[in-house]
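Chains, contacts and geometry: an overview
Next come the chains, spelled out residue by residue.
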Protein chains: 2
Amino acid sequence: MASSPALTAIRRNCRKVICIGRNYADHVKELNNQRPKQPFFFLKPPSSILLPGEGPVLRPNGVNMHFEIELGLVIGKQVKDLQTEDDSEILQYIDSYLLSIDMTARNVQNEAKKKGLPWSIAKGFDTFLPVSGPVSKEVLADPHNVELYLKVNGEVKQEDSTELMLFRIPRQLSDISKVMTLEKGDIVLTGTPKGVGTVQTGDVMECGLRIGGKEVEEAKMRVE
Amino acid sequence: MASSPALTAIRRNCRKVICIGRNYADHVKELNNQRPKQPFFFLKPPSSILLPGEGPVLRPNGVNMHFEIELGLVIGKQVKDLQTEDDSEILQYIDSYLLSIDMTARNVQNEAKKKGLPWSIAKGFDTFLPVSGPVSKEVLADPHNVELYLKVNGEVKQEDSTELMLFRIPRQLSDISKVMTLEKGDIVLTGTPKGVGTVQTGDVMECGLRIGGKEVEEAKMRVE
Ligand SMILES: [Mg+2]
Ligand SMILES: [Mg+2]
Ligand SMILES: [Mg+2]
């Protein structure tokens, strides 16, 4: 079980998880989606958070479960109606970073999209948000220059730099905060690069962050 | 400002708001929607909660803002994988009730439905969840036999009994809890009856609950 106070605080302090969709061009293409003209986002419930050591992701019956590796931001200070596209202004609102996997019931989501129904069920199952421990702003100085990777059973599936984001983090926080106030402890997922795919029960996902080619130990995750 | 501890606790203890869609037949018809074969639901962020006395609902620019009066449940005890359709089994998981208005940016939602995008923006703006103070289980003994009403500028717009729900509360909690664990303080909105419509800035919404024809004072709300 997750027992370190720094880990349990991630879930305890989180009141909403806001996820940016379609934020990497090659991922938009691979799912045959339209490239958005502005950032859009959806919510995952805090109850979907899976902390390191809490066990496997649980695949609901009949679900085609996809992984989406994403850089996560933990909000450090309340922010509302943020008016900026400037990188230097956002750091004050970020407490720390996380590596995260936006697990998705892809068949449920596809059905919802077809019917015009909400995505909350497809995105919101218990255990559908594995996260790493916190990575400090000292370690991760530039969130737009980090390599994310995810392997399944040792095979690399996703591996791209956050510099490929279509909408950068200031724009994301600005757009979100014009709709809903971001509160201390809220988590923002910044979108997934190409390479998403299915995992079965028993598969092992290993993922991490690299900065200048160097692995960041705090962000390493291994999830069954 | 909302200052009573019982009121501020509603927001402080809430980590997710789960809303049932299309749960009254005549409301399904009025929006030209399909009647669902099973309950579906979406999330509103806790940041959208507007407590009594906190001021008006804020209409974002360019938004056609609709009211939806709903009976809300405040969860009293964690529940996961609930297997019941039995009324008598659910009371142990309910702490109390609320009257609530599921404010909706209808044009934003219609656009999202057309494009297969999530509903979170349309449903999640700050102030888009006015709630009343808590109503105890002693006062509200049978949640399936309550009359909800909402007036705009004195004119009755919605007025129906919760006995008209397509899926009753045990089924709602059962279906939700098979996807996401319900936690103490979470709020469930049980769907809106017919009569939803637009409100403009400055309009006054008055709403309440009646049991056996008698107004429940705790649930009376007046929102601009
Ligand atoms: Mg994602
Ligand atoms: Mg939420
Ligand atoms: Mg509603």
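In this report, the structure presented in the accompanying data block is examined. (Residues numbered from 1 in each chain as written. Chains lettered and ligands numbered in written order. Predicted model: local features only at pLDDT ≥ 70, side-chain atom pairs only at ≥ 80, totals over all residues. Heavy atoms only, no water.)

We now examine the pattern of salt bridges. In a structure, side chains of opposite charge can pair up when their charged atoms sit close to one another. Residues and elements named next belong to chain A. Counted by the stated rule, this structure contains 37 salt bridges over all chains. Among the salt bridges present, the one from E159 reaches R210, with a minimum N-O distance of 3.0 Å. Of this pair, E159 sits in strand β10 (residues 155–161) while R210 is found in strand β13 (residues 205–211), placing the two residues 51 residues apart along the sequence. Judged by its relative accessible area of 36%, E159 is partly exposed. (Salt bridge = Lys/Arg side-chain N within 4 Å of Asp/Glu carboxyl O. Helix = DSSP H or I, 4+ residues; strand = E, 2+ residues; numbered from the N terminus. Buried < 20%, exposed > 50% of the residue type's maximum accessible area, 1.4 Å probe, protein only.)

Our next topic: the coordination of the magnesium ion (ligand 3). Residues and elements named next belong to chain B. Around the magnesium ion (ligand 3), the protein contributes the donor atoms E68 (OE), E70 (OE) and D102 (OD), which lie 2.0 to 2.2 Å from the metal centre. Summarised as a motif, the one-chain spacing of the donors to the magnesium ion (ligand 3) is E-x1-E-x31-D. Taken together, the residues span a long stretch of sequence, with E70 in strand β5 (residues 69–75) and D102 in the loop between β6 (94–101) and β7 (104–105) at a distance of 32 residues. No difference in accessibility class separates E70 from D102, as the two residues are buried. (Donors = N, O, S within 2.8 Å, 3.2 Å for Na, K, Ca; no water.)

Right, let's talk about the coordination of the magnesium ion (ligand 1) for a bit. Residue and element names in this part refer to chain A. Of the protein atoms, only E68 (OE), E70 (OE) and D102 (OD) coordinate the magnesium ion (ligand 1), at distances of 2.0 to 2.1 Å. Sequence spacing of the donor residues for the magnesium ion (ligand 1), all on one chain, is E-x1-E-x31-D. With E68 in the loop between β4 (65–67) and β5 (69–75) and D102 in the loop between β6 (94–101) and β7 (104–105), the pair connects residues that are 34 residues apart, well separated along the chain. Of the two residues examined, E68 and D102, each falls in the buried class.

Right, let's talk about the nonpolar core for a bit. Counting 99 residues, the largest nonpolar core has I101, M205 and L209 of chain A together with I101, M205 and L209 of chain B as the members making the most contacts within it. Once residues within four sequence positions are removed from consideration, M205 of chain A is found in contact with V57, F67, I101, M103, L150, K151, V152, V199, M221, R222 and V223 of chain A. (Core = buried A, V, L, I, M, F, W, Y, C linked by side-chain atoms within 4.5 Å. Contact = heavy atoms within 4.5 Å.)

A common way to express how large an interface is: the accessible area buried when the components associate. Of the residues lining the interface, 30 residues belong to chain A; the matching set on chain B comes to 30 residues. Roughly 2700 Å² of surface becomes buried between chain A and chain B when both sides are summed, with 60% attributable to carbon and sulfur atoms. The largest contributions to the chain A side of the interface with chain B come from R15, P118 and V179 of chain A, which together make up 23% of the buried area. Taken together, the links from chain A to chain B amount to two salt bridges. A salt bridge links K80 of chain A to D126 of chain B; the nearest nitrogen and oxygen atoms lie 2.8 Å apart. There are 18 residue pairs in polar contact (both at pLDDT 80 or more) connecting chain A and chain B. Elements with a contribution of two residues or more to the side of chain A that touches chain B: α1 (5–12), β2 (40–44), α5 (120–124) and α6 (169–179) of chain A. With five residues, β2 of chain A is the single largest residue contributor to the side of chain A that touches chain B. (Buried area = accessible area lost by both parts, 1.4 Å probe. Polar contact = N/O pair within 3.5 Å; in protein donor to acceptor, adjacent residues only side chain to side chain.)

Residues and elements named next belong to chain B. Overall, mixed pairing links the five strands, which are arranged β2-β1-β11-β5-β6 in an open sheet. Of all strands in the sheet, those with a lone pairing partner are β2 (40–44) and β6, marking the two edges. For this sheet, the mean inter-axis angle between neighbouring strands, taken without regard to orientation, is 25 degrees. As paired elements, strand β1 (residues 17–21) and strand β11 (residues 187–189) share three bridges and run parallel to each other. Bridge assignment links V17 to a residue of β11, and that residue is I187. (Pairing = 2+ DSSP bridges. Axes fitted to C-alpha atoms, helices over the stretch in contact; angles between N-to-C directions.)

Another aspect to go through is the pairing of β2 of chain A. Residues and elements named next belong to chain A. Among the five residues in β2, five count as buried, and that is most of the element. Burial of β2 is two-sided: the residues F40, F42 and K44 facing one way and the residues F41 and L43 facing the other way are all buried. As defined by bridge partners, strand β1 (residues 17–21) adjoins β2 across five bridges and the pair is classed as antiparallel. Note that in β2 the partner of C19 across the bridge is F42.

Before going further, it helps to spend a moment on the side chain of D203 of chain B. Residues and elements named next belong to chain B. Here D203 lies in the loop between β12 (197–198) and β13 (205–211). One buried charge, D203, has no salt-bridge partner; the nearest side chain with opposite charge is K157, at 8.2 Å. A polar contact of 3.0 Å, which involves the side chain of D203, links it to the side chain of N153. Here the side chain of D203 touches Q200 through a polar contact of 2.8 Å, landing on its backbone nitrogen. (Lys, Arg positive; Asp, Glu negative; His and termini not counted.)

Moving on: the packing of aromatic side chains. Residue and element names in this part refer to chain A. Tallied over the full model, the rule gives six aromatic pairs over all chains. When the ring of F125 is compared with that of F128, the centres are 5.2 Å apart and the planes differ by 50 degrees; the resulting orientation is tilted. For F125, a relative accessible area of 9% translates into the label buried. We classify F128 as buried; its relative accessible area is 0%. Linked through ring pairs, F40, F42 and W119 together constitute an aromatic cluster. (Phe/Tyr/Trp six-rings, centres within 6.5 Å; stacked < 30°, edge-to-face > 60°.)

Another point: helix α4 (residues 106–115) of chain A. All names here are of chain A. Among the residues making up α4, those that are buried are R106, Q109, A112 and K113. On an axial view of α4, the arc spanned by its buried residues comes to 120 degrees, and they lie on one face. Away from its buried face by more than 90 degrees, α4 exposes K114 and K115. For α4, the secondary structure elements touched by its buried residues are β4, β7 and α5. (Arc of directions from axis to C-beta.)

For the pair chain A and chain B, the relating rotation is 180 degrees, the translation along its axis is 0.0 Å, and the fit reaches an RMSD of 0.0 Å. The transformation relating the two chain copies, once decomposed into turn and shift, fits a two-fold axis. (Least-squares fit on C-alpha atoms with pLDDT ≥ 70 in both.)

Attention now moves to the environment of N110 of chain A. Assignment of secondary structure puts N110 of chain A in helix α4. Note: C-alpha distance between N110 of chain A and L43 of chain A (67 residues apart in sequence) is 17 Å.

Before going further, it helps to spend a moment on α1 of chain A. All names here are of chain A. Of the positions making up α1, those classed as buried are L7, A9 and I10. Taken around the axis of α1, the buried residues stretch over an arc of 160 degrees, which confines them to a single face. α1 presents P5 and R12 as exposed residues on the side facing more than 90 degrees away from its buried surface. Those residues of α1 that are buried lie in contact with β6 and β11 (187–189).

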